[in-house]
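Letter by letter, the chains look like this.
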Amino acid sequence: YGTFQDITQHKRAENIQTVLYQITRATMVSETFEDLLNVVRKELGRILDTTNFIVALYEPEKDTLKKVIFIDEKDEFIEWETENTLSGMVVKLRKTVLLDKDEEARFAEKYHLNLLGSPAECWLGVPLISGDKAIGVMVVQSYTDPKAYDQSSAKLMEIIARELVLLIERKKMLEDLVIAKEKAEESDRLKTAFLNNMSHEIRTPLNGIMGFTNLLNDPETTPEERDYYSRIINQSGRQLMSIIDDIINMATIEAGQAKLRETEMNVNQLLKDIYLQFLNKINNSQVAFNYHSQVGDKQAAIMADETKLMQVLVNLIGNAIKFTEHGGIKFGCRLHDSELLFYVEDSGIGIPEEFHEIIFERFRQVEPDINRVAEGNGLGLAISKAYVGLMGGEIRVESEPGKGSKFIFTIPYKPVSGEPAEVAPPSQAGEAIIHTDKTLTILLVEDDYSCLLYTSDAADEEDS
Ligand code: ADP
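Being a predicted model, the structure only gives us computed values, none of them experimental.

Student: How would you summarise the environment of isoleucine 321 if you had to cite specific residues and measurements?
Tutor: Note that isoleucine 321 resides in helix 8 (residues 306–322). Distance in space between the C-alpha atoms of isoleucine 321 and leucine 113 is 63 Å, their sequence separation being 208 residues. With residues up to four places along the chain from it excluded, the contact list for isoleucine 321 reads Phe278, Ile282 and Ile329.

Shown next, in the form of structure tokens:
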């Protein structure tokens, strides 16, 4: 008696199991994706011809494929367009493509491909599918054997492609986690630095207010001293108010609640007002302060959010004053294409290039806490950038340490159609102008006693 059994299929199934086991094991231990693909190529080589073996990932922004591994007897590509390639078609169709040489030509004709690369006798490509997207392609090809691959090779490649996608997704998830962790730690560090700095920034004016208020009551204080102390108290109060404004503005921006309120305004008038406002504040005679507008009076009437525009300019000029000991500060505006371009230039300490981008992030300051030459909460530029963005423009800085800085920002130019708006006489900041001869009766409803007292006393003084 004799018996025989065809064990080809059995052997093949066994081989496939071994290959899959080895590949799964390699996914655990391989350091890089390329290492893993070398194992895949070797293991897969037990079952099919992997002399020519390519794995490439799809770059959607450029519509190209970029090699992860490219082992080929005839060609060598690093990155290639999806157009005119079989690999590109696999990604586009999200389907396995198995072709011999004749089929390759017909396929190219059907999809109007002008094929790059050397033609193969047998070509097999499977997509790497993640969710409903093809994120890459795995290809084997033979330049000698027209029957190198068949449907079962295609099935095996598809199984391996699924393993690879799982690995890519896992790696991506880990990378994202590391980035998220680094971001969270960075944000934590910045917040701590911000809180330390803030507590200093808030305490300083508060100490000023509390300390000098006590001195005001001291019977030995002379009238001149009293006058001086009350000016300090006033100044400290304003400083505190500006810090609180910054915090509230930043919180409003972060909550996505900052809104644009465009009204008719005159840009030349705004520059003039800001100039006058700062002129009184610059007490350093070594710094020249100027402004210049190249916008003609007829073009100066625009639609814009005046409060936000003003705040950006005030922040930039305030910084220029803070960081400039000698030389000059100038600011201005001109029309540039369909935009209004504003600049604030100083000859101060300057900013190293590596900080040019990040100073626009909240809490970022060039100098670490203890070395700081100037006060500040690190919010001004973040607020300015957000406001400029909201107004539809961009902001950037050109600067070199020791030579000074130039902050430049744009907003869309929206001229007011018709007659330009009347230029109002310049008003001093904080000064309310009431154009009326009539005596006004004002009803004030207030639940805070000090506010009530202040308002009625201030009104009495106005009367006198
Ligand atoms: P701050 O309240 O600290 O000034 P900003 O957001 O306005 O906060 O500025 C961030 C940092 O950018 C500043 O702390 C400073 O290091 C740097 N900076 C801003 N403007 C200037 C300037 N004109 N010259 C030099 N450094 C500047």
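Student: Kindly report on helix 6 (residues 223–254), identifying the contributing residues and their values.
Tutor: Its 32 residues give helix 6 an end-to-end C-alpha distance of 47 Å, which sits within 8% of 46 Å, the value for a rise of 1.5 Å per residue. Listed as buried for helix 6 are Tyr229, Ile233, Ser236, Leu240, Ile243, Asp246, Asn249, Met250 and Ile253. Buried residues along helix 6 sit in contact with helix 5 (151–217), helix 8 and helix 9 (380–390). Just beyond helix 6, the residue with positive phi is glycine 256, at close to 70 degrees.

Student: I'd like to hear about the nonpolar core, residue by residue, with values.
Tutor: Membership of the largest hydrophobic core comes to 51 residues, with the highest contact counts inside it found for Phe342 and Phe409. In this structure phenylalanine 342 touches Val267, Leu271, Leu309, Leu313, Gly332, Cys333, Phe407, Ile408, Phe409 and Ile411, once residues within four positions along its chain are discounted. By size, the runner-up hydrophobic cluster in this structure holds 33 residues, among which are Leu37, Leu124, Ala161 and Ile168.

Student: Outline the sheet that holds strand 10 (residues 327–336), listing residues and values.
Tutor: Here we have five strands laid out as an open sheet, ordered 8-10-11-13-12, and mixed in their pairing. The sheet terminates laterally at strand 8 (287–293) and strand 12 (395–400), the two strands that pair on one side only. Taking the axes of each pair of neighbouring strands and ignoring which way they run, one obtains an average angle of 10 degrees across the sheet. Its contacts with the sheet place helix 7 (residues 267–279) against strand 8, strand 10 and strand 11 (339–346), and it is angled at close to 170 degrees to strand 8.

Student: So what about the site of the ligand? Which residues, and what values?
Tutor: Around the ligand, the surrounding shell holds 21 residues, and the nearest of these are Asn319, Lys322, Asp346, Gln365 and Leu381. One nitrogen or oxygen atom from the side chain of lysine 322 is found 2.7 Å from an oxygen atom belonging to the ligand. Within the contact set of the ligand, an oxygen atom lies 3.3 Å away from a backbone nitrogen or oxygen of glycine 380. The protein chains hide 97% of the 530 Å² of surface that the ligand would expose on its own. Here the shell around the ligand takes three residues from helix 8, the largest share from any one element. Grouping the constituent residues of the shell around the ligand by class yields nine nonpolar, eight polar and four charged.

Analysis parameters
- Residues numbered from 1 in each chain as written.
- Predicted model: local features only at pLDDT ≥ 70, side-chain atom pairs only at ≥ 80, totals over all residues.
- Heavy atoms only, no water.
- Helix = DSSP H or I, 4+ residues; strand = E, 2+ residues; numbered from the N terminus.
- Contact = heavy atoms within 4.5 Å.
- Expected span 1.5 Å × (residues − 1).
- Buried < 20%, exposed > 50% of the residue type's maximum accessible area, 1.4 Å probe, protein only.
- Core = buried A, V, L, I, M, F, W, Y, C linked by side-chain atoms within 4.5 Å.
- Pairing = 2+ DSSP bridges.
- Axes fitted to C-alpha atoms, helices over the stretch in contact; angles between N-to-C directions.
- Near = heavy atom within 4 Å.
- Polar contact = N/O pair within 3.5 Å; in protein donor to acceptor, adjacent residues only side chain to side chain.
- Areas by Shrake-Rupley, 256 points an atom, 1.4 Å probe, with all protein chains shown as cover.
- Nonpolar A, V, L, I, M, F, W, Y, C, P; charged D, E, K, R; others polar.

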